[in-house]
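Below, each chain spelled out in residue letters.
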Amino acid sequence: MQAVIAIVSPHRVQVLFYPDEALPCRFMDKCRRNNCTYAHHATSLSRMLDFLNSAQRSLDICVFTITCNEIA
């Protein structure tokens, strides 16, 4: 199953697709593990977390679940 999230702010619109191929490494470019299986680049999850963390006062969130196969 694939999920799509659209992030809309006054200056940008981003569409994020889930699931990501890999979870983001919490060390990103500072990771020292030779065989790290986590993503070392921006992922949909890390972009969404950056957006959530950028809120200064509040967030308005709307969540839809589409279960109709004809439009899903």
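See the structure printed just above.
Throughout what follows, the structure given in this document is the object of discussion. Numbers given for residues are sequential positions, taken from 1 along each chain in its written order. Only residues with pLDDT of at least 70 get local features here, since the model is predicted, and only at 80 or more are side-chain atom pairs given and counted; chain-wide, interface and lining totals rely on the full set of residues. Heavy atoms throughout the structure, all of them, feed into the side-chain values; hydrogens and water do not.

## Considerations on the side chain of Ser 44
- Mapping Ser 44 onto the fold places it in helix α1 (residues 44-53).
- Note on exposure labels: buried denotes an accessible area under 20% of the residue type's maximum, exposed denotes more than 50%, and partly exposed covers the range between, all computed with a 1.4 Å probe on protein chains only. On the basis of relative accessible area, Ser 44 is assigned to the buried category, the value being 8%.
- By the convention used here, residues are in contact when the closest approach between their heavy atoms is within 4.5 Å. Excluding anything up to four places from it in sequence, Ser 44 contacts Leu 16, Phe 17, Tyr 18 and Asp 20. Secondary structure elements follow DSSP: runs of H or I of four or more residues count as helices, runs of E of two or more count as strands, with numbering from the N terminus.

## Focus: unusual backbone geometry
- Backbone geometry places Met 28, a non-glycine residue, at a positive phi of 45 degrees.
- Turning to its location among the elements, Met 28 is positioned in the loop between β2 (12-18) and α1.
- The class of Met 28 is partly exposed, set by a relative accessible area of 25%.

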